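Fold and geometry: a report
Read off the chains here:
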Amino acid sequence: RAPVVLVLPILNGQKNVVRPFASHFAHNGYNVVIVDTLQRKSLLEDILDPEAAIRRTAVRHRRVLDWVDTAPKIDQDRIAVFGASLGGFNALFLTATDTRVKASALALVAGDLPYVLSYSSEGRIIDAADGAMETLQTDQEGLRQFLLEHIVSDPLSLARYIDPEQVLLVLAKF
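Here the structure is a predicted model, which means the values were calculated and not measured. (Residues numbered from 1 in each chain as written. Predicted model: local features only at pLDDT ≥ 70, side-chain atom pairs only at ≥ 80, totals over all residues. Heavy atoms only, no water.)

Let's talk about the pattern of salt bridges
Throughout the structure, instances matching the rule amount to 9 salt bridges. Between arginine 1 and aspartate 75 there is a salt bridge, with the nearest N and O atoms lying 3.6 Å from each other. Placement of the pair is arginine 1 in the segment before strand S1 (2-8) and aspartate 75 in strand S3 (residues 74-84), with a sequence separation of 74 residues. Among the residues examined, arginine 1 registers a relative accessible area of 61% and is labelled exposed. On the basis of relative accessibility, which here comes to 12%, the residue aspartate 75 falls in the buried class. The salt bridge involving arginine 78 is made with aspartate 75; its shortest N-O contact spans 2.8 Å. One salt-bridge network, in which partners are shared between bridges, spans Arg62, Asp66, Asp69, Asp98 and Arg100. (Salt bridge = Lys/Arg side-chain N within 4 Å of Asp/Glu carboxyl O. Helix = DSSP H or I, 4+ residues; strand = E, 2+ residues; numbered from the N terminus. Buried < 20%, exposed > 50% of the residue type's maximum accessible area, 1.4 Å probe, protein only.)

This is the structure we're talking about:
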């Protein structure tokens, strides 16, 4: 039985960003599960009801942990999570809310989630943000304010539930 690393991809689901990390873990004796994300398919709806989207994602990831609990070749006492970008946010949320996760490596970029969803230059996010601004009849700053009011599960509010000795946090902004 070997430990497992759950790898949570970036928002657009491109596995090429996380696949080298997954390969590294696998070549070093870890089981690896790359968890696909549905968020890229429902982003407009998720922006308009962000807290529900965050919680649905957490439930999906906990179901993966439930599956891990049944896998005979996985050491259920040695579960780690690696996430990049939105995957990093999801990994942080999973680490804070599920004690089965024993270690995390979080690669976060840009700024807080409301800022990223309002001001991103990534095409899929721009399209969803434009749709949300049209629905809410607001501009980028109005969308950011809406998200600030509607996202309760901000990483800063979750940090107190995570043992800092079990987390590697990589922050980048450019």
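Back to the write-up after that little detour.
With respect to the packing of helix H3 (residues 50-70) against helix H4 (residues 86-97)
Where H3 contacts H4, the two axes come as close as 10 Å, and the packing angle between them is 70°. On the basis of the axis angle, H3 is roughly perpendicular to H4. Here the hand of the crossing between H3 and H4 comes out right-handed. Within the contact between the two elements, H3 uses Ile54, Thr57, Ala58, His61, Arg62 and Leu65 and H4 uses Phe89, Asn90, Phe93, Leu94 and Thr97. (Axes fitted to C-alpha atoms, helices over the stretch in contact; angles between N-to-C directions. Parallel < 35°, antiparallel > 145°, perpendicular 65-115°, else oblique. Left-handed = near helix turned anticlockwise from the far one by under 90°. Contact = heavy atoms within 4.5 Å.)

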